[in-house]
Amino acid sequence: MSELRRRLPARPLALALLALALTTLVMLAFRARLDKAHVALIYLLVVLGGSAAGGRVLGIALGVSAFLLFNVFFLPPYNTLSLADPLDWLVLFTFLVTSVVAAELLDRLRRNAMLAEARASELDRLATLGAETLNAARADQALSAIADVIRQTVGVEQCELFIWDSDEGELRRIAASRAAGDETSTGMESTELLKYVASTRRSAIEREDGTIHVVGDSESDSPPTTSRSGTAFAIALAARGQTVGALRISARAPFAFSPDQSRVLSALAYYAALAIYRLRLERAEETTESLRRADRLKDALLASVSHDLRTPLTTIKGIAHEIFDQGQPRAAVIEEEADRLSSLVDGLLEMSQLDAGVLQVEPAFNTVDDLIGAALRRAETVLRDHPIETDIAEEEMIAGRFDFSHSLRIVVNLLENAAKYSPARTPIAIGAECRDGEIRISISDRGPGVPPSERDRIFEPFYRAPGATPDVRGAGLGLSIARRLAEAQGGSLEINERQGGGSTFVLALPAAEAPKT
Ligand code: ADP
């Protein structure tokens, strides 16, 4: 009964009955002058008007009423349902069929028009949203707009959007529709609901009793068409093949989606996924930019601190030297420490210059003999406990195009390390060869060697191998500077395992033809 009342809206029904009654009264007044066709057409007009205004059920109800009125008042014998002429049944039957079919057709047209209107406004909304998403200065503004549109479209109280933080393995609320109130914010079960959909890329619904039900059988089923109702509904948001977040719709009273709502929700969810994807990109870019800025700041700071430290160190060294000369042997320790500090400061300065790309490199024609000779003289003191074995092809001069002072710095560093990290009296071998357009200078020692897992790391700034001889002092800058100096000249610096124990460092630099004289 209540179903019929819902289908037969009171106002159009009253109006239609009134129109039918009036039409009947007017036609009764002129009954003698009207023929059957007039009556049928006038009644048909009322039926069509009724079904256009009130829908199919009203149209059919009017058709049946008009059928009865036609029979009783306009077909003889009057005021009875019986008919004098059996052919009049044909007239009546044709009238009834025409009314019903017309009501049906009109209703179909009306519904199609309503659907088209709904689609048009849906399209309109999507287009506006698309434009808003694209035009929003920031992706988070676009997200709030999307949450609002979803809430309105689906007709729920709350729509929240969450971003998937892959570092923390968590979902964080990033936007909510404007009607958001604290009372609808994520509860415990909802967190579970969200985590569930994000990890499985499925859609799920939360019932009033807090139980969670998966909607659809596979990933492709999200977002949902569901006949189930619940108080919260969540969909995983994915863009470009990765889960970027989740969407949660909630209401105080249980709700379900119609297929149409579900279709729109699907499109809107995709917009939300794209906006979150964009937000993640923006954030990654911001992090990179702030890292870059911090890096530039560090370089500038390093350069200025190194400069400022140099002067007092030179003064300290001078004073310590004077005190030593005046017969205070302990002042030698101060001098040594000042030397160590100033080499650390030099290293830092060199590092920052390399980072900033302002270190001057002047490649020129140089021979390996000259380079090794100069390095041996420079490292003479540290090498005094180690016999030196050289293996340099003597018959032909090995030459390259490299910056002499930078390369000297590298070879001296390698020799100092070889002496530092190998037991006294063990030999240090120096080799040189020219191969494949490169000169390769090798420095080998009989020290502990460097395990394969550490071989890349010893070239990182400030890295000292865990097993590094504890009484050997060092800042861990030497090798990283050496490698970068080698690379700045178009060369390389590698470490190899040495047959029979120890390590071999190989410095490669571009070879050069001897200039024609
Ligand atoms: P430092 O010698 O000041 O610690 P380096 O950058 O020159 O810094 O070297 C980095 C690390 O590499 C050293 O701490 C040491 O553990 C390892 N290393 C360098 N040269 C050798 C070598 N010849 N033999 C063994 N280990 C070495």
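Note that this is a predicted model, so its numbers are computed, not measured.

Definitions and limits used
Residues numbered from 1 in each chain as written. Predicted model: local features only at pLDDT ≥ 70, side-chain atom pairs only at ≥ 80, totals over all residues. Heavy atoms only, no water. Phe/Tyr/Trp six-rings, centres within 6.5 Å; stacked < 30°, edge-to-face > 60°. Helix = DSSP H or I, 4+ residues; strand = E, 2+ residues; numbered from the N terminus. Buried < 20%, exposed > 50% of the residue type's maximum accessible area, 1.4 Å probe, protein only. Lys NZ or Arg CZ within 6 Å of the ring centre and 35° of its normal. Pairing = 2+ DSSP bridges. Near = heavy atom within 4 Å. Polar contact = N/O pair within 3.5 Å; in protein donor to acceptor, adjacent residues only side chain to side chain. Areas by Shrake-Rupley, 256 points an atom, 1.4 Å probe, with all protein chains shown as cover. Nonpolar A, V, L, I, M, F, W, Y, C, P; charged D, E, K, R; others polar. Axes fitted to C-alpha atoms, helices over the stretch in contact; angles between N-to-C directions. Left-handed = near helix turned anticlockwise from the far one by under 90°. Contact = heavy atoms within 4.5 Å. Core = buried A, V, L, I, M, F, W, Y, C linked by side-chain atoms within 4.5 Å.

## What about the packing of aromatic side chains?
- Within this structure, the stated rule accounts for 5 aromatic pairs.
- Taking 6.5 Å as the distance between ring centres and 70° as the angle between the ring planes, the aromatic pair formed by Phe459 and Phe505 counts as edge-to-face. Taken together, the residues Phe459 in the loop between strand S11 (438-444) and helix H12 (478-488) and Phe505 in strand S13 (residues 503-510) connect sequence positions 46 residues apart.
- We classify Phe459 as buried; its relative accessible area is 7%.
- Judged by relative accessible area, which is 8%, Phe505 ranks as buried.
- One aromatic cluster is present, built from ring pairs that chain together Tyr43, Phe70, Phe74 and Phe95.
- In this arrangement the basic side chain of Arg31 is found over the ring face of Tyr78, its NZ or CZ atom lying 3.6 Å from the centre.
- Residue placement shows Arg483 over the ring face of Phe459; its charged tip is 3.7 Å from the ring centre.

## Things to note about the pairing of S11
- Burial analysis of S11 places 5 of its 7 residues in the buried class, which makes it a mostly covered element.
- Summarising the sheet, strand S10 (residues 428-435) and S11 pair through 7 bridges and their orientation is antiparallel. Each bridged residue has a counterpart across the sheet, and for Ala429 the counterpart in S11 is Ser444.
- Where S11 and S13 come together, 7 bridges link them in antiparallel fashion. Bridge pairing in S13 links Ser442 to Val506.

## Some remarks on the site of the ligand
- Surrounding the ligand, one finds 19 residues, the nearest of these being Asn417, Tyr421, Asp445, Arg464 and Leu479.
- At a separation of 2.8 Å, a nitrogen atom of the ligand approaches a polar side-chain atom of Asp445.
- Take Gly476: an N or O atom from its main chain is 3.1 Å from an oxygen atom of the ligand.
- When the ligand is considered free in solution it has 530 Å² of accessible area, and contact with the protein chains removes 96% of it.
- Listed by contribution, the elements that provide at least two residues to the shell around the ligand are helix H11 (404-421), H12 and S13.
- A total of 4 residues in the shell around the ligand trace back to one element, the largest contributor, which is H11.
- Within the shell around the ligand, the residues separate by chemical class into 10 nonpolar, 6 polar and 3 charged.

## Here's the deal with the pairing of strand S1 (residues 158-165)
- In terms of burial, S1 is largely enclosed, as 7 of its 8 residues are buried.
- Where S1 and strand S2 (residues 170-176) come together, 6 bridges link them in antiparallel fashion. Across the sheet, residue Trp164 finds its bridge partner in S2, namely Leu171.
- Linking S1 back to S2 in an antiparallel pair, the connection comprises 4 residues, with Gly169 at a positive phi of about 65°.

## Some remarks on the packing of helix H9 (residues 331-356) against H12
- Their axes nearest at 10 Å, the elements H9 and H12 cross at an angle of 35°. As H9 runs across H12, the sense of the crossing is left-handed. Between H9 and H12, the contacting residues are Gly347, Glu350, Met351, Leu354 and Asp355 on the first element and Ser480, Ile481, Arg484 and Leu485 on the second.
- Residues of the contact of H9 with H12, tallied by class, amount to 4 nonpolar, 2 polar and 3 charged.

## Quick word on unusual backbone geometry
- At the junction of Pro76 and Pro77, the peptide bond is cis and its omega measures out at -5° in the coordinates.
- One non-glycine residue, Arg240, adopts positive backbone phi at about 50°.
- If you trace the backbone, Arg240 turns up in the loop between strand S5 (230-239) and strand S6 (242-255).

## Some remarks on the nonpolar core
- Residues Ile410, Leu415, Ile443, Ile458, Leu493 and Leu507 are the most contacted members of the largest nonpolar core, which totals 43 residues.
- It is H11 that provides the largest number of residues to this core, a total of 8 residues.
- Beyond its immediate stretch of four places on either side in the chain, Ile410 contacts Ala482, Leu485, Ala486, Gln489, Leu493 and Leu507.
- Counting 38 residues, the second-largest nonpolar core is a separate cluster that includes Ile174, Val215, Leu265 and Ala269.

## Remarks on the sheet that holds S11
- The 5 strands lie next to each other as S8-S10-S11-S13-S12, forming an open sheet whose pairing is mixed. Each edge of the open sheet carries a strand with a single partner, namely strand S8 (388-392) and strand S12 (492-497). Averaged over all adjacent pairs, the angle separating strand axes in this sheet is 15°, with direction ignored.
- Contacts from helix H10 (residues 368-378) reach S8, S10 and S11, with the element oriented near 25° to S11.

## A word on the sheet that holds S6
- As summarised here, the arrangement of the 6 strands in space is S2-S1-S6-S5-S3-S4, forming an open sheet in which the pairing is antiparallel. Every other strand in the sheet has two partners, leaving S2 and strand S4 (212-215) as the edge strands with one partner each. Averaged over neighbouring strand pairs, the angle between their axes works out to 25° when direction is ignored.
- Bridge analysis of strand S3 (residues 203-206) against S5 gives 4 bridges, and the strand direction is antiparallel. Looking across to S5, one finds that Ala204 is bridged to Ala234.
- Running at roughly 140° to S1, helix H6 (residues 139-154) makes contact with S1, S2 and S6 of the sheet.

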